[in-house]
Amino acid sequence: MRPVGVHESGLVWSGELHGEQGELKWPELPEWWNDWKAHWSAWEADPAVQLYSNYGIAVAYGLIGIAALIQLGRIHMRVPEYGWTTQKVFHLLNCLVCALRASIFPFRQQIETQFPPFVKLLLLDAPGLLFFTTYTLLVLFWAEIYHQARSMPTGALRPAFAGLNIAVYGVTAGLWALSTTSTDPSMQQLGYMLSDAFLAAVSLAAAAGFLLYGGRLFLMLQRFPIESRGRRKKLREVGLVTAICAGCFSLRAVMVALSAVDRQNLELDEMGHPLLNVLFYSLVEVLPTACVLFILRKLPPKRASGQGYTQIPQE
């Protein structure tokens, strides 16, 4: 006979009467959780949900892309003499990411069934890499402002930014090749897991960059005199963008890492997980992009102010 007891933590303990080592068993999940999980599984298996969820994601990206394009046009009309500034490139890249996503998601089913694996990975993951480039450009912009304000050299910042992005794209492409060209199923699985792990690490690095330079810029602005014009607004702008971007990249890292651990239930970009895809793209790209574009909606001054507005060299 095995007596059963309940530990203070709520775990069920069972063991033999004669001193044998007991074992811990997790308590059964409540009925409402099982019902909710059953409904979730039924929704995800519904072909209509799989189809229209992709249409919904595409529409959301299309609207944000239009907003970014309008803002890019407004900035160019305001200061056409500046050429391609960091602010213009940021909005252009946002528009490009959204255009790619909006063009790909309506044809998600065809991509799944009719395209080679490498092309499928390229179409699904390349916009995410471009999203990384878009927002690390904002980190670069803040880093240049901080270094210039502290009279620190800035010459190495842009080469470091370019080198980092080239390395990320190159390693990712290599992992795609490993996943799609190997004839060994175990090597293919290893390639997918390494790719997810690498993208999670890249997202964590982006979050750390926002916390580092966003935090430094925020503290630097705090030390300005109270009567400084626009100080309070800039503090709020930098603080909000730092929190949003660090949060979305951290969440992206967690969800991609979970996808690598449990590919059966948590794999992203799968037709069988439409609700998970809606949740993922809404939280890590759509909503953060919409919020950042709204926060950074202010147009630049008509004349050069010498602060916070840097032109990208035409070299």
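Residues numbered from 1 in each chain as written. Predicted model: local features only at pLDDT ≥ 70, side-chain atom pairs only at ≥ 80, totals over all residues. Heavy atoms only, no water.

Caption draft 1: Highlighting the overall build of the protein chain. Secondary structure summary: the protein chain contains 10 helices and three strands in total. The N-to-C order of helical and strand elements in the protein chain reads β-β-β-α-α-α-α-α-α-α-α-α-α. Within the span of the protein chain, comprising 315 residues, buried residues form 40% of the whole. With an accessible surface of roughly 18000 Å², the protein chain has 66% of that area assigned to carbon and sulfur atoms. (Helix = DSSP H or I, 4+ residues; strand = E, 2+ residues; numbered from the N terminus. Buried < 20%, exposed > 50% of the residue type's maximum accessible area, 1.4 Å probe, protein only. Areas by Shrake-Rupley, 256 points an atom, 1.4 Å probe, with all protein chains shown as cover.)

Caption draft 2: Spotlight on the packing of helix α2 (residues 47-78) against helix α10 (residues 274-295). Contact pair α2 / α10: the axes reach a minimum separation of 11 Å and the direction vectors enclose 10°. In terms of their interaxial angle, α2 and α10 are classed as roughly parallel. Two secondary-structure elements touch here, α2 through Val-49, Gln-50, Ser-53, Ile-57, Ala-60, Tyr-61, Ile-64 and Ala-68 and α10 through Pro-274, Leu-275, Asn-277, Val-278, Tyr-281, Glu-285, Val-286, Thr-289, Ala-290 and Leu-293. Looking at side-chain class alone, the contact of α2 with α10 contains 13 nonpolar, four polar and one charged residues. (Axes fitted to C-alpha atoms, helices over the stretch in contact; angles between N-to-C directions. Parallel < 35°, antiparallel > 145°, perpendicular 65-115°, else oblique. Contact = heavy atoms within 4.5 Å. Nonpolar A, V, L, I, M, F, W, Y, C, P; charged D, E, K, R; others polar.)

Caption draft 3: A look at the nonpolar core. Ranked by size, the top nonpolar core spans 62 residues in total, and within it Tyr-61, Phe-90, Tyr-135, Trp-142, Phe-210 and Phe-249 carry the most contacts. For this core, the secondary-structure elements that each account for two or more residues are α2, α3 (86-104), α5 (117-149), α6 (157-181), α7 (185-222), α8 (231-261) and α10. Looking at this core element by element, the count peaks at 15 residues for α5. Not counting chain neighbours up to four residues away, the residues in contact with Phe-210 comprise Tyr-135, Leu-138, Val-139, Trp-142, Gly-215, Thr-242, Cys-245, Ala-246 and Phe-249. (Core = buried A, V, L, I, M, F, W, Y, C linked by side-chain atoms within 4.5 Å.)

Caption draft 4: Molecular detail of α5. Between its first and last C-alpha atoms α5 spans 48 Å; for 33 residues at 1.5 Å apiece the expected length is 48 Å, and the two agree. Where α5 bends most, the angle comes to about 35°, and this point is Asp-125, followed within four residues by the proline Pro-127. Burial analysis of α5 places 25 of its 33 residues in the buried class, which makes it a mostly covered element. Looking one or two residues beyond α5, the residue adopting positive phi is Ser-151, at roughly 55°. (Expected span 1.5 Å × (residues − 1). Bend = angle between axes of the 7 residues up to and from the residue.)

Caption draft 5: How the structure looks around the packing of α8 against α10. The N-to-C vectors of α8 and α10 enclose an angle of 165°; their axes lie 10 Å apart at closest approach. With respect to α10, the axis of α8 lies roughly antiparallel. Here α8 runs over α10; the crossing is left-handed. Seen from α8, the contacting residues are Glu-237, Leu-240, Val-241, Ile-244, Cys-245, Cys-248, Leu-251, Arg-252, Met-255 and Val-256; seen from α10, they are Leu-276, Phe-280, Leu-283, Val-284, Glu-285, Pro-288, Cys-291, Val-292 and Ile-295. Tallied by class, residues from the contact of α8 with α10 come to 16 nonpolar, no polar and three charged. (Left-handed = near helix turned anticlockwise from the far one by under 90°.)

Caption draft 6: Expanded view of the environment of Val-119. Of note, Val-119 is situated in helix α5. Counting along the chain gives 61 residues from Val-119 to Thr-180, while the straight-line C-alpha distance between them is 9.5 Å.

Caption draft 7: A look at the environment of Leu-96. Tracing the sequence through the fold places Leu-96 in helix α3. What makes Leu-96 partly exposed here is its relative accessible area of 40%. Along the sequence, Leu-96 and Pro-127 sit 31 residues apart, while their C-alpha atoms lie 8.4 Å from each other.

Caption draft 8: Main features of α6. Between its first and last C-alpha, α6 extends 36 Å over 25 residues, near the 36 Å set by a 1.5 Å rise per residue. Taken together, the buried positions of α6 are occupied by Leu-157, Phe-161, Asn-165, Val-168, Thr-172, Leu-175, Trp-176, Ser-179 and Thr-180.

Caption draft 9: Molecular detail of unusual backbone geometry. Located in the positive-phi region is Ser-151, a residue other than glycine, with phi close to 55°. Accessibility expressed as a relative area gives 69% for Ser-151, which makes it exposed.

Caption draft 10: Expanded view of the side chain of Asp-125. Within the secondary structure, Asp-125 is located in helix α5. A polar contact of 3.5 Å, which involves the side chain of Asp-125, links it to the side chain of Trp-176. (Polar contact = N/O pair within 3.5 Å; in protein donor to acceptor, adjacent residues only side chain to side chain.)

Caption draft 11: Representation of the packing of aromatic side chains. Taken as a whole, this structure holds 12 aromatic pairs when the rule is applied. When the ring of Phe-131 is compared with that of Phe-249, the centres are 5.7 Å apart and the planes differ by 40°; the resulting orientation is tilted. In this pair, Phe-131 sits in helix α5 while Phe-249 sits in helix α8, placing the two residues 118 residues apart along the sequence. Per residue, the accessibility class of Phe-131 equals that of Phe-249, and both read buried. The rings of Phe-90, Phe-131, Tyr-135, Trp-142, Phe-210 and Phe-249 are connected pair by pair, giving a single aromatic cluster. (Phe/Tyr/Trp six-rings, centres within 6.5 Å; stacked < 30°, edge-to-face > 60°.)

Caption draft 12: Representation of a nonpolar patch on the surface in the model. A cluster of nonpolar side chains, namely Val-59, Leu-63, Ile-66 and Ile-70, defines an oily patch on the protein surface of about 400 Å² accessible area. Its location among the elements puts Leu-63 in helix α2. Overall, Leu-63 belongs to the exposed group, its relative accessible area being 56%. (Patch = residues over 30% accessible without salt bridge, like charges linked within 9 Å, V, L, I, M, F, W, Y side chains within 5 Å. Salt bridge = Lys/Arg side-chain N within 4 Å of Asp/Glu carboxyl O.)

Caption draft 13: Spatial organisation of a positive patch on the surface. A surface patch of positive charge is lined by Arg-232, Lys-233, Arg-236, Arg-297 and Lys-298. Structurally, Arg-297 is set in the segment after α10. Look at Arg-297 and you get partly exposed, because its relative accessible area is 44%. (Lys, Arg positive; Asp, Glu negative; His and termini not counted. Charge placed at Lys NZ, Arg CZ, Asp CG, Glu CD.)

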